[in-house]
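Observations on chain architecture
For reference, the chains in residue letters:
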Amino acid sequence: QAIFGSSALLLRGTFINFVLASGNFSAMAGKIPVSNPIVEIDGDEVARSVWKMVKEKLVIPYVDVTIQYFDLALDNRIATMDSVTVDAAAAIKKCNVGVKCSTAEIDEAMVNEKSLKKMWKTATVFDRERSLRSAGSTLRSMLEGANFRTPILVKTIPQVVPGWTKPIIVARHVYGDQYRATDIVVEKDSKYQIVITKDGAAKSYDVFNFEGSGGVAMAMYNSEEKVKGFAHSCFQHALDVKFPVYLSTKNLTLRDYDGIFVDSFQSIFDAQYKEAFDKAGIWYEHMTIDKMMSFAMRSSGGFIWALKNYDGDIQSEMVAQGFGSPELLSSLILGPDGKTVLAEVHHRASTSAETQSRGKPAINPVSCIFAWMEGLTQRAKLDGNQQLKTFAEKLEAATIETIEKGKMTKDLVVSGATGAKQAEGAFLSSEEFIDAVAEMLQDKLVRGAKIMYTLTDEAPMLATYAFLPIIRAFTQKSGIEIEVSDISVAGRVIATFPDRLPAEKVQRDELKALGDLCKTSVANIIKLPNISASTPQLRECIAELQSQGYAVPDYPEDPQSSEEKDIKAKYSAILGSAVNPVLREGNSDRRAAVPVKNYAKKYPHSMGKWVPTSKTHVAQMSEGDFYGSEKSVVVEGACEVRIELAASDGTTTVLKAKTALLPGEVIDASFMSRKHLRAFFKKEIADAKA
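Let us look at the structure shown here. These numbers come from a predicted model, not from an experiment. Along each chain, residue indices are assigned from 1 in the same order as the chain's sequence is written. Totals for whole chains, interfaces and linings use every residue, but because this is a predicted model, local features are given only for residues with pLDDT of at least 70 and side-chain atom pairs only at 80 or more, for both listing and counting. Excluded from the side-chain calculations are hydrogens and water; all other atoms, namely the structure's heavy atoms, are used.

1. Considerations on the packing of helix 6 (residues 224–241) against helix 7 (residues 257–280)
Axes here mean lines fitted to C-alpha atoms, for a helix over just the part in contact, with angles spanning 0 to 180 degrees between N-to-C directions. Numbered from the N terminus, helices here are DSSP runs of H or I no shorter than four residues, and strands are runs of E no shorter than two. Between helix 6 and helix 7, whose axes approach to 9 Å, the crossing angle comes to 25°. With respect to helix 7, the axis of helix 6 lies roughly parallel. Considering the relative orientation of helix 6 and helix 7, their crossing is right-handed. Where helix 6 approaches helix 7, its residues Glu224, Val227, Lys228, Phe230, Ala231, His232, Cys234, Phe235, Gln236, Ala238 and Leu239 are matched on the opposing element by Ile260, Phe261, Ser264, Phe265, Ile268, Phe269, Gln272, Tyr273, Ala276, Phe277 and Ala280. Residue type decides the class: Asp, Glu, Lys and Arg count as charged, Ala, Val, Leu, Ile, Met, Phe, Trp, Tyr, Cys and Pro as nonpolar, and the leftover types, Gly among them, as polar. Among the residues forming the contact of helix 6 with helix 7, the class breakdown is 16 nonpolar, four polar and two charged. Reported orientations rely on four angle classes, namely roughly parallel under 35 degrees, roughly antiparallel over 145, roughly perpendicular from 65 to 115, and oblique for the rest. Less than a right angle of anticlockwise turn of the near helix away from the far helix marks a crossing as left-handed, whereas a clockwise turn marks it as right-handed. What makes two residues a contact is simply this: any of their non-hydrogen atoms within 4.5 Å.

The structure is reproduced here in structure tokens:
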């Protein structure tokens, strides 16, 4: 029985089950293997659904990575007293890489509506109930370091500040200041004091007397350790991107508070980074924030602008607008260790009408895509995974190129993007844009792949090998690389016994490599004719290899020992039609080329003269065959299926434990009825004898 929704296939009381395990994203052939996990932080509202689309359409089909999932939607934070945020931060520190969806900003109305004043697990002091803080700022403060917000440069987006030709990266301190401040309403005739207690001894500082009128007061703080961590993150990121660092503060006004930032940055730079900066041709400098503003507006960009928490939040929005769009901004938290990264969607989750268009999500998904891209990039960097790094680069390029080709969401159309039309329907919904990026990504992956040209056996090999230089000459100018892969009988024999050969004679199993490649979206294999080796042909091949110094074993016709049985089993995998079943697990294009078709039409093959009395005819079954019993279904999401034989006696046998499917792939089942096949043969034999 093939179970596809409500469809079922019955084989004379015996069933074949295709069991779908939807959402199981375990290892799939052809995906990029990733050895270490990534932490995924889910979010709120419409952003949550767009985040899921990005993951399922642009990441999961291509990357085999273990994901540690944490749901930081507001309802789950409330249900867990926000311990889920604590757990998520701990997981990111352990894995070193996290990616985060937009989460809700918590305003006063939400605090009152949902009763969000409690003793949350994420609080730093527990003297009283406090309002729940946003997940973003809470996570950032737990990870420490710096939040780097970088504009995403797109050629077709007009810049408000045209002089900025290189990115300005805003480095925002992620700990303390206004985001951990205590603000209170003060009654009239009150004195505002700050009390510092050390070793039981208290020292008070008078701040203000509220005589005759009440008011408000705020106490904020920072830690020297956290400020130093901020400095380390800035200097390490600067060495990665080869940009100078400018720290800006109000140290002339806040001599002690901002002074600790200035002193920490300078001392750490001089002691640990100056030499490396000099070699890289970059520098560090402090400027007061008003002077720095003027400098930034006149500059061409190309620097890291380090700011305190609140200042960094504000200036990053200004910089994004200056480069053309607040939606084209990536956000990355880098810990003081230089390894721990949280790539996040920088904008907050929203339920406003602006997030919908024509009944579909219409928020710009670029920040979601870049969060995944930067998370994968950091994972690749830490693991030394060049394949993953290349994929992340292609995902970034595909996203930008999609916009530059005029496919974009409404916010970018409104921003005046070149070639964009503001008419209704001229822009894309979130999902349509993601689909456009997926198409562009697929194109880039295919264009970036090699053409695999197979070497096979005997006469076909001689003829096609002579044709190889011509193919290379044609493809060289277009930048397409041709790689030769030896799948001949001799090549496969050599690859089967690497332990018996010296290093210079060992060669990899090219057929296995091509088998893995053909299951991916980037496979481009020209498979040339090869022989289906018989036992005598295999023996001749072994003898010839042995005569040339290859110490491969003889073929044991009647194996006696366990070693001989193992040798025969290995050789058995080479006998017969061993190549085609492996390569045809992918898509096999068996069409005749147009020039071949045209030649055949012009010079048709002579079939002799046909007469009306000829009894020659084509016969086919009318029922009970594979065509008549076929059932199929298109899977919606990446999943795995297993094939089971459910016999009429109630026993179930697993025929194939696991087959991985991608979104949009078709799984199909059919059967042949022995009863109908026998009847068909009997009828046609009788017809032929008549």
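The structure having been displayed, the exposition proceeds.
2. Thoughts on the sheet that holds strand 16 (residues 245–249)
At least two DSSP bridges between two strands are needed for those strands to be called paired. What the 10 strands build is an open sheet, ordered 6-4-7-20-19-10-11-18-16-17; its pairing is mixed. Strands at the two margins of the open sheet, each flanked by one partner only, are strand 6 (67–71) and strand 17 (284–288). Strand-to-strand twist of the sheet, defined as the mean angle between neighbouring strand axes without regard to direction, takes the value 20°. One ladder, built from three bridges, connects strand 16 with strand 18 (residues 303–307); its direction is parallel. When the sheet's bridge partners are listed, Tyr246 is paired in strand 18 with Trp305. Those strands touched by helix 1 (residues 45–59) are strand 4 (38–42), strand 6 and strand 7 (97–100), and its axis lies near 150° from that of strand 4. Each of strand 11 (168–173), strand 16, strand 17 and strand 18 is contacted by helix 7, which is oriented at about 170° to strand 16, the strand it contacts most.

3. Observations concerning the environment of Phe70
With respect to the secondary-structure elements, Phe70 resides in strand 6. Exposure remark for Phe70: the relative accessible area of 17% places this residue in the buried category. For the pair Phe70 and Asp42, spaced 28 residues apart in the sequence, the C-alpha separation amounts to 6.2 Å. Apart from residues no more than four positions distant in its own chain, Phe70 is found in contact with Val39, Glu40, Ile41, Asp42, Val84, Asp87, Ala88 and Ala91. Each residue's exposure class comes from its accessible area (1.4 Å probe, protein chains only) as a fraction of the maximum for that residue type: buried when under 20%, exposed when over 50%, partly exposed otherwise.

4. Section: the nonpolar core
As a rule of thumb, soluble globular proteins bury nonpolar side chains together. By convention a nonpolar core is built from buried Ala, Val, Leu, Ile, Met, Phe, Trp, Tyr and Cys residues, the set being connected through side-chain atoms within 4.5 Å. Leu58, Val63, Phe235, Phe265 and Ile403 are the most contacted members of the largest nonpolar core, which totals 80 residues. With nine residues, the single largest contributor to this core is helix 10 (residues 366–383). Beyond its immediate stretch of four places on either side in the chain, Leu58 contacts Met53, Ile369, Phe391, Leu395, Ile434, Val437, Ala438 and Leu441. Formed by 18 residues, the second largest nonpolar core is a distinct cluster that contains Val489, Ala533, Leu538 and Tyr555.

5. Regarding the sheet that holds strand 23 (residues 451–455)
In spatial order, the strands read 24-23-25; together these three strands make up an open sheet with parallel pairing. The open sheet is flanked by strand 24 (482–486) and strand 25 (525–526), the only strands paired with a single partner. Here strand 23 pairs with strand 25 via two bridges, running parallel. Along strand 25, the bridge assignment pairs Met452 with Ile525.

6. A short note on unusual backbone geometry
In this structure, Asp199 takes a positive phi of about 55° despite not being glycine. Along the chain, Asp199 falls in the loop between strand 13 (190–198) and strand 14 (201–210). Backbone geometry at Lys242 places phi at a positive 60°, although glycine is not the residue there.

7. A word on the environment of Tyr465
Tracing the backbone shows Tyr465 in helix 14 (residues 458–476). Put simply, Tyr465 and Leu455 are 10 residues apart on the chain and 7.4 Å apart in space, counted from C-alpha to C-alpha. Beyond its immediate sequence surroundings of up to four residues, Tyr465 is in contact with Tyr453 and Leu455.

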